[in-house]
Amino acid sequence: MKLLNKLLILLIISINCAFGYQGELRFFIDDDYSSDYKIIANRYDLNSPLFGIDFMMIEGNDYNEVTSDDPGDIINPNSNFDFWLGFDYVRDQGSYIWPFIGEGKYEFTIKRNDEIVFRFKIDLLHYTGSPEIDFEYIHSIQKLTAYADSRREVIYNVQFDEMLYSWLILNEERDITAYENEVEITNLGNGKINPSLNIKLENADMGFPYINYSVGTEFNTSQHINVWRGAFYTLSVVQPIFTRNDTTFSFRHWDNYNVYNNPSTLKILSGTDKIRTIFYPTHQLTVTNYLEGGTSTDDFQLTWQDKFQPQNYDYGIQYDAFLYEDNEDQYTIEALPITEQRYGTNWTFLNWNTGSASTTLQNIKMPDDIPSSGSFTANYKGHFTSAQSDAFTSNGQRKIVLDSQGKYHIVYPSYGKIWGTSSEDLYVVGNGGNIAHYSGPSGGWQKIESGTETIINDAWGFINKTGEVIVYCPVSSFFVSGDKKIIKLIDGIVDSVNWSRDIRLYSFWGKNENILYSCGEGVYEYKFGNWQDILLIPIGTNSLRGTEVNDIFIAGDFGVLFHFNGWGWQMLSIINYDKGYSKISVTKNMFVVCGYHFGKALLEMGRRN
């Protein structure tokens with residue numbers, strides 16, 4: 001009867017082999033007293049790959065722990081053994097009676113009546129035509145033997161907790177070529193390869209088949225490396241932008257992945273033989289903002305449509321955007337609805353320089369949609385807004401100022417300086433060449449066309465002998481090129497003062513039309529139609545005020561302060577490179593200067609002895 005059983009088992013094994021039942025690990029158990037056995041396969045090294053179908057790395061945890069606990073009903077042909085348990089490889093196809101495991105590193109635990117009786121580790125990462133391994137366990141002497149199925153070329157006596165290698169048991173040279181791909185590192189930009197562009201390794205949880213490249217390794221263009229099939233590698237483009245023949249190229253995506261991030265995590269597919277970065281020509285997309293005379297460094301959102309989620313960028317940067325004609329790439333920009341606390345106030349979005357009143361501009365195609373100015377500009381208005389639709393032709397923001405007589409006026413933030421003879425006769429000047437005149441409740445505010453778009457830095461005046469109101473306004477900008485001149489208003493009518501020097505002036509003062517003073521890039525005195533230099537130390541001066549022609553003060557950079565007493569100029573301070581004065585105001589008994597010290601606001605006061 002035993003002979004018949006042996007023949008039946010051998011017949012079944014032969015049928016199994018004929019139909020491709022390969023990759024089994026079989027455990028034959030000799031135990032006359034218990035059949036309550038289970039064998040547990042635990043993946044013990046999660047940083048080593050585990051392979052399955054099509055020799056691709058298995059993702060997830062499904063095969064990290066697998067148990068075989070249903071002894072086969074077939075009687076073992078060797079009468080010394082009572083039953084068997086086993087495992088199949090995941091990559092096998094068809095119907096199998098044993099649970100599946102991957103090809104990698106496992107720890108196998110043999111349990112009898114839920115108690116451990118034997119344990120060992122084995123590296124199964126080896127491909128062969130006959131990968132079956134048989135284990136024979138004799139409980140009475142707690143002995144485990146391993147060998148290559150029916151070949152028995154090597155019979156290996158396994159020790160408890162020993163590390164085994166499948167290729168040694170099979171008496172073969174290790175072969176892992178089925179589990180890895182050789183890939184070439186390369187790039188392409190308008191059909192040409194740039195040999196100087198490297199790719200850096202950022203992460204490789206599963207390592208590499210042969211060479212253990214460390215994080216930070218740079219792979220050269222045309223270099224070949226071996227990688228695990230199905231594994232994930234995080235790579236970055238070392239030089240994402242380069243210039244060729246005066247054209248700027250930027251990294252766009254990883255070829256065959258359509259992944260646009262840098263760095264990116266890429267999965268090695270079964271057919272991957274190249275890791276190629278793709279570059280395309282770009283055009284600069286610049287977004288700025290305008291806060292009625294100034295800008296801010298706040299950020300805006302830019303979206304590469306269908307590619308990236310919105311990202312924040314500072315206004316004024318030059319973003320390299322891809323041309324629409326190459327891949328139909330389009331962009332969206334979105335401005336903040338409110339820009340907070342700039343120039344002492346909050347600002348509300350008004351419109352774009354394209355005319356759109358929406359904070360969002362969509363479907364921007366480069367370079368055709370770039371405004372004629374060369375950039376997209378978000379215009380903002382201050383939070384004191386006019387109720388009139390055409391207030392000073394700017395529908396604009398307003399702020400409240402206090403005049404010298406204690407009365408408040410609503411004016412525009414772009415009108416930063418104010419001077420007047422009374423609360424019903426005020427002149428305000430400021431950015432963009434703006435001048436406005438207030439003539440009391442009956443006349444209200446009227447804009448005066450100055451003839452310039454350059455910032456007007458100051459306003460100072462007096463009433464002359466004939467009763468005319470004379471106001472002097474120095475014009476120049478430190479930040480942009482523009483006019484450098486002095487506007488003279490006579491009862492609100494624009495005139496000018498003879499000034500032909502290419503020098504910036506920031507402040508003005510005088511008591512009559514015959515003797516005048518101005519300062520900025522130097523200090524100058526006007527006497528009876530002629531300008532002459534006042535020779536002080538060569539430091540920028542920012543503000544000039546006096547009470548009489550023999551009592552004049554000047555404040556400037558590095559904390560310099562000068563005084564004229566009618567006979568000569570005297571320096572009242574010492575140079576301090578961490579300090580600067582921007583404005584000065586004087587009365588007969590005191591003066592006040594404001595500015596900064598170590599980056600903080602500064603206010604100082606001086607009194608006469």
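Structural data are supplied above this passage.
Not measured: the values here are computed from a predicted model.

Caption draft 1: Summary view of the packing of aromatic side chains. The tally for this structure, following the rule as stated, stands at 44 aromatic pairs. Ring geometry for Phe27 against Phe120: centres 6.4 Å apart, planes inclined by 35°, an arrangement best described as tilted. Residue Phe27 is found in strand E1 (residues 25–30), and its partner Phe120 is found in strand E7 (residues 115–123); the two are separated by 93 residues along the sequence. For the residue pair Phe27 and Phe120, the accessibility class agrees, reading buried in each case. When the centroid spacing of 6.0 Å and the interplanar angle of 75° are considered together, the rings of Tyr319 and Tyr331 count as edge-to-face. A residue pair is termed long-range when its members are at least 10 positions apart, and Tyr319 in strand E23 (residues 318–322) and Tyr331 in strand E24 (residues 331–334) qualify at twelve residues. Among the residues examined, Tyr331 registers a relative accessible area of 0% and is labelled buried. Three or more aromatic residues joined by ring pairs make a cluster, and in this case those are Phe27, Phe87, Tyr106, Phe108, Phe120 and Phe135. The ring of Tyr260 is capped by Lys307, whose NZ or CZ atom sits 5.4 Å from the centre of that ring. It is Lys365 that lies over the ring of Tyr324; its NZ or CZ is 5.4 Å from the centre.

Caption draft 2: Examining the sheet that holds strand E16 (residues 232–237) more closely. Here we have four strands laid out as an open sheet, ordered E14-E13-E16-E19, and antiparallel in their pairing. With partners counted over all chains shown, the strands left at the sheet margins are strand E14 (218–219) and strand E19 (264–267), one partner each. Of the pairings in the sheet, the one linking strand E13 (residues 199–203) to E14 comprises two bridges and is antiparallel in character. Bridged to Lys200 within E14 is Glu218.

Caption draft 3: Structural detail: the sheet that holds strand E33 (residues 425–429). Taken together, the four strands give an open sheet; going across it, the order is E32-E33-E34-E35, and neighbouring strands pair in antiparallel fashion. Because the sheet does not close on itself, it has two edges, and the strands there are strand E32 (417–422) and strand E35 (445–448). Adjacent strand axes in the sheet meet at a mean angle of 20° when their direction is disregarded. Of the strand pairs in this sheet, strand E34 (residues 435–438) and E35 are connected by four bridges, and their pairing is antiparallel. Across the sheet, the residue bridging to His437 is Gln446, located in E35.

What counts and what doesn't
Residues numbered from 1 in each chain as written. Predicted model: local features only at pLDDT ≥ 70, side-chain atom pairs only at ≥ 80, totals over all residues. Heavy atoms only, no water. Phe/Tyr/Trp six-rings, centres within 6.5 Å; stacked < 30°, edge-to-face > 60°. Helix = DSSP H or I, 4+ residues; strand = E, 2+ residues; numbered from the N terminus. Buried < 20%, exposed > 50% of the residue type's maximum accessible area, 1.4 Å probe, protein only. Lys NZ or Arg CZ within 6 Å of the ring centre and 35° of its normal. Pairing = 2+ DSSP bridges. Axes fitted to C-alpha atoms, helices over the stretch in contact; angles between N-to-C directions.

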